[in-house]
Amino acid sequence: MYLTTFGAVHLSGYRLPPRHLLFLTYLAVEGSASRARLRSLFWPNSTSAAASLRVLLSTMRRTTPGLITERGDRLILQCGSDLADLLGHLQAGRPTQALHLYSGPFLAEISPTVFGPELEEWLMDTRESITEQLWESLVHSAEHLAGQGRTEEATVQAEAAWHLPGLPPRDAHDLRRLHRLLLLGGSHQARRVAREARELGIDVEVSLSPAAEWDQPPLRGPHLPVEVTPFLGHRELLEELSLSLADPHVRLLTIFGVGGAGKSRLALQVAQRARHLYHDQVWWIPLEDVHQPGDLLAHTVLALGASLSPGRSALDVVITALRERPALLVFDQFEHLDGAAPIIADLLGHCPHLNVLVTSRHRLSLRAETTCELNGLDVHARSGQTHSDALALFVGQTRRVRPAYRFTDADLAHAQAVCAFMDGLPLAIELAANWMRMLTPGQILNELHASLNLLDLPLLDLPERHRNLRVVLEQSWQHLTPRNQEVLAALIVFQGGFTFEAATAVTGATLFDLQALVDKSMLRVDLTGRFSRHPLIAQLSRHHLDGFGMALVEPQHTAYFLQRSDLGFQNMMDGHRQTEWRVWFTVEYPNLIAALTSAIARNDFVSAAYLGRNLYREWNNRGLASTALSTALSLLPHLDAPEHSDARAWALLTAEAMALYSGVAPIGDALAAARHANNDDAVMCALYLREYVAQQRGDPAHKAMMAELYDVAVQTGRPAPLAITLRRRASVALSGGDGQAAKDDLEEGLMLVRRLGTTFVEADLHLLMGQVHVLQGELDSAEQCLRFSLQLFTTLSYRPEASTCLNTLAIVSLFKSRTGNRATALQEALDWCDQADKTFSAQGQFAVRDNVNARGFVLSELGRLPEAQACLENDVQAARSCGNRQGELMARLGLGHLALRRRDWALASVTFTAVVADAGAGGGHVPARWLALHGLANAHLHLGHRSAARACRTAAQQAGAGLGAVVPRFTAVTSQRNQRYSAHPS
């Protein structure tokens, strides 16, 4: 089926009434329409419009099956039309073929007056728009031909434009253009144009003889297009560009960026601001229809309103016009005229007062060029903004296409996610928001994640180059050389950006390859030299890289990131360049995950096992222990072969570590696997994990494991592993009640690592040293150690351990509340707790050794007892699930203290008695037992059990003597009362 809309309107093979034909034509022009819109247009005053529409559709389905389809509430026409073909010819620059289709005005035989004024207005506007587009295309083609000296062909096109049926009256500018063309070709139609112009009071008479040539024509300006929608964003950049144009040293300014970034809109704003600098001598020169570099000057002449004449070059005309006056030429969409850049240089060389502003998808690479790369709109709101610039564009476009829509908070969140997905690209945001006529922001987001086909919907009031995002992307692709295309497609294997070193190793790209892609806005490079691309460019690359090409680059990608992460893992173990490597693992995390996923998909389970080992710390830092555990477990069945023993040992180690952090039982026997693989590093890591779990469970075997761990660390001869072991031994000594031994090990560890620079080991040693100082009442020293440790952990991006520092600092503030300003100290403690929770999840904090959640204690001291109760009960369960014995005991101590505050002496006695028993079992946890004994003494005292209170105090003094501990605030009352009781025994 084919719909003819020019001349006699009909649908091929069918006889339809005028209403049906107009209905089909409306769908052909608009692309689609909602039922509500169609009812209001075709039956504006009818009370049965819905029924009338149903009858029409039923008739159409019966007589022309498949012609109209539905998508949700929208109707879509499924047939070709002469209108679509004509517009296609115009878009491709083929006005002659378009003219053959134009057998008369659009829908000339149909009068819509019987349907209502709105439909009549639509028809008249569409009819004029189509005719004017055809006229403009014919005249522009004639000007192009005249600029090439093809006067006879230009005259034919100009005469066709003059005789175009249904053409609305032309203004003075159009009549002068047409008259000039007809006069240049010697056409007798020139007199008729001049006569019509005189009747309208317009003077078009000019002479084309050499004697009439002027040295400095009376050019008038500015000649800038009018914007129909508000300009959003890039305010700071707009100021910078305006200042650049005012700089006498900036003659050529190029705004370049990916298609749809808003370069034209920004350039127009810059040009508007610059009008006063050039006394309104500013010309906007669109280059979309200039197909050859040699046509640039002829097009410029016509844009200036000057005349082309035989025997005189276009360059001479432009130079004559602009040599002696300040002027600004704005060339819009320069990217497809690669050979035209030298012409700009010639103009600047001959016209000392001329400035040129260019928009392009790539640099011009001229010496005089100052460049500005334009990226998307900001996707994050700035201070004082309600919405980000990108979201404001989405909301504004929605108000145009669906004025009655009201955004909910959920809608705004989804719309913001849409803008972020588009990386703030204005064209993509406008195209996506156009779907708000029938979809919600959440539905749009889901559709975009599934496919970018949603952005293929054309917007007819946008320039041809921007009506469809797929066209924009493909245009960018076609402007690349075959080598550029090959490299860009291969780079799709990278996720989250890449370095030059990585690109060379994986794809073979040279620095010149990457520079070419940056210059053409297909890649971006930041100040650190890291390359990235717009997400939509990534989609384009993925489309052009077939499965075979991906199969070639993925193994190279995995191999490169395995080699680099292996080096990073070893350096981290040895304490070398830890700050540098922590940044590397954080930045390259997307690439590492992509390499791991690719290795598993290709059954390269050995590489996957080592990548998992190298990612262990990053996974934990991101709170992804459960995900990491399932990944490690999925690898184990594939690593049973004897030659894979080393990889299996590390996979088991990763699983055991992630199981610990996930709060589940250990998986397999990593220690046995490490010994079987004869890998000292793996044995040392396995012993570290196994000893920790054993000690937390009160298993006496942990002492032998600690001795073996120390021996293995000494044998390595490396300071970092030995310092890590000393830190662990200090923790065990402290739990056993030997505070001095703990201090000695910590000081020895610090001596070992001081020359290694900023390391995790140094931070960890200072953290435990701070906790020792807290127990011993040295609060200022404790705070100094903990703040230094926090600084190191923050620098290294170790979030879980940083949360431990913050919780311990909260306890320091809690203890200080007894001596200073109580309210200030307690508020400071609560602030530390808030920072700890923001740094790492409160639940996940218990997966960290020696961690205690201080919030319950702080809430208790603030008198917020119900909140404290809920917090401490949750902490008991969380610590227990993670196997964190210290965290569990301390949370139970908090519950006992809470019972004391509530004067529930019996409950306090039961709670503290249980903690004393559990803290003394197995390897013991003397600090918890010491604190519990003080609390139990207090409970006994209030219950009247004076002998028991005295016994508890004596036991507490004995435990505290080894620790060197002093009584903290919440047990101070116990100490004072026990002292009074000792002085006056019964």
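Residues numbered from 1 in each chain as written. Predicted model: local features only at pLDDT ≥ 70, side-chain atom pairs only at ≥ 80, totals over all residues. Heavy atoms only, no water.

1. Re the overall build of the protein
For clarity, the threshold we go by: Each helix is a run of DSSP H or I of at least 4 residues and each strand a run of E of at least 2, with the numbering of both proceeding from the N terminus. When we talk radius of gyration, it's over C-alpha atoms, and the globule rule is simply 2.2 Å times the number of residues to the 0.38. Note on exposure labels: buried denotes an accessible area under 20% of the residue type's maximum, exposed denotes more than 50%, and partly exposed covers the range between, all computed with a 1.4 Å probe on protein chains only. We call two residues in contact when some of their heavy atoms are within 4.5 Å. Using the Shrake-Rupley algorithm and a 1.4 Å probe, accessible areas are obtained, with residue cover drawn only from the displayed protein chains. When charges are counted, Lys and Arg contribute as positive and Asp and Glu as negative, whereas His and the chain ends are disregarded. Just so you know, the charge point we use is NZ for Lys, CZ for Arg, CG for Asp and CD for Glu.
Check the secondary structure of the protein and you find 45 helices and 13 strands. Relative to the compact-globule value of 30 Å for 986 residues, the protein shows a C-alpha radius of gyration of 39 Å, a clear excess of over 25%. Along the longest, intermediate and shortest principal axes, the C-alpha atoms of the protein span 130 × 70 × 65 Å. For the protein, the proportion of its 986 residues judged to be buried stands at 55%. Contacts in the protein between residues at least 24 apart in sequence constitute 69% of all its contacts with a sequence separation of at least 6. When the accessible surface of the protein is totalled, it reaches about 41,300 Å², and 53% of it is carbon and sulfur. Distance between charge centroids for the protein: 7 Å, based on 90 positive and 100 negative side chains.

2. Focus on the sheet that holds strand β5 (residues 74-77)
Put simply, the test is: Any two strands with at least two DSSP-identified bridges between them are counted as paired.
Taken together, the three strands give an open sheet; going across it, the order is β3-β5-β4, and neighbouring strands pair in antiparallel fashion. In this open sheet, the two edge strands, each paired with only one partner strand, are β3 (33-34) and β4 (68-71). With four bridges connecting them, β4 and β5 associate as antiparallel partners. Paired with Ile-68 across the two strands is Leu-77, which belongs to β5.

3. Some details on the packing of helix α42 (residues 905-920) against helix α43 (residues 926-943)
Selection rule: Every axis in this analysis is a line fitted to C-alpha atoms, fitted for helices over the stretch in contact. Angles between the N-to-C directions lie between 0 and 180 degrees. Angular relationships are summarised with four words: roughly parallel below 35 degrees, roughly antiparallel beyond 145, roughly perpendicular across 65 to 115, and oblique for the angles in between. Crossing chirality is assigned from the near helix's rotation relative to the far helix, an anticlockwise turn below a right angle marking it left-handed and a clockwise turn marking it right-handed. Three classes are used, and their members are as follows: Ala, Val, Leu, Ile, Met, Phe, Trp, Tyr, Cys and Pro are nonpolar, Asp, Glu, Lys and Arg are charged, and the others, Gly among them, are polar.
Two elements in contact, α42 and α43, have axes separated by 8 Å at closest approach and are oriented at 150 degrees. Accordingly, the angle class assigned to the pair α42 and α43 is roughly antiparallel. Where α42 crosses over α43, the handedness of that crossing is left-handed. In this structure, α42 uses Trp-905, Ala-906, Ala-908, Ser-909, Phe-912, Thr-913, Val-915, Val-916, Ala-919 and Gly-920 to contact α43, whose residues at the interface are Ala-928, Arg-929, Ala-932, Leu-933, Gly-935, Leu-936, Ala-939, His-940, His-942 and Leu-943. Broken down by class, the residue content of the contact of α42 with α43 amounts to 13 nonpolar, six polar and one charged.

4. Observations regarding the sheet that holds strand β6 (residues 80-81)
Strand order in the open sheet made by the three strands is β2-β1-β6, with mixed pairing throughout. The open sheet terminates on both sides in strands that have one partner only, identified here as β2 (10-11) and β6. As judged from the two bridges shared by strand β1 (residues 2-4) and β6, these two strands associate in the parallel manner. Across the sheet, the residue bridging to Leu-3 is Ser-81, located in β6. This element, helix α1 (residues 18-30), spans β1, β2 and β6 of the sheet and lies at about 105 degrees to β1.

5. Some thoughts on α42
Threshold: Expected span of a helix, by definition, is 1.5 Å for each gap between consecutive residues, and there is one gap fewer than residues.
Its 16 residues give α42 an end-to-end C-alpha distance of 22 Å, which sits within 8% of 22 Å, the value for a rise of 1.5 Å per residue. Listed as buried for α42 are Trp-905, Ala-908, Ser-909, Thr-911, Phe-912, Val-915, Val-916 and Ala-919. In this structure, the buried residues of α42 make contact with α41 (885-901) and α43.

6. Some thoughts on the confidence of the model for the protein
Caution applies to low-pLDDT parts of the model: their predicted coordinates are not meant to be read in detail. Stated precisely, the cut-off is as follows: Per-residue confidence from the predictor is reported as pLDDT, a score between 0 and 100.
On average, residues of the protein score 83 in pLDDT, and 91% of them reach the 70 mark or higher. pLDDT under 50 marks residues 969-986. Its contacts with residues more than four places away, or in other chains, come to 37 contacts.

7. Section: the nonpolar core
Definition in use: For this analysis, a nonpolar core means a set of buried residues of the types Ala, Val, Leu, Ile, Met, Phe, Trp, Tyr and Cys, connected via side-chain atoms within 4.5 Å.
Residues Leu-328, Phe-394, Ile-444, Leu-491 and Leu-523 are the most contacted members of the largest nonpolar core, which totals 223 residues. For this core, the leading source of residues is helix α29 (residues 645-662), giving twelve residues. Trp-122, Ile-130, Leu-181 and Val-193 belong to the second-largest nonpolar core, a separate cluster that totals 61 residues.

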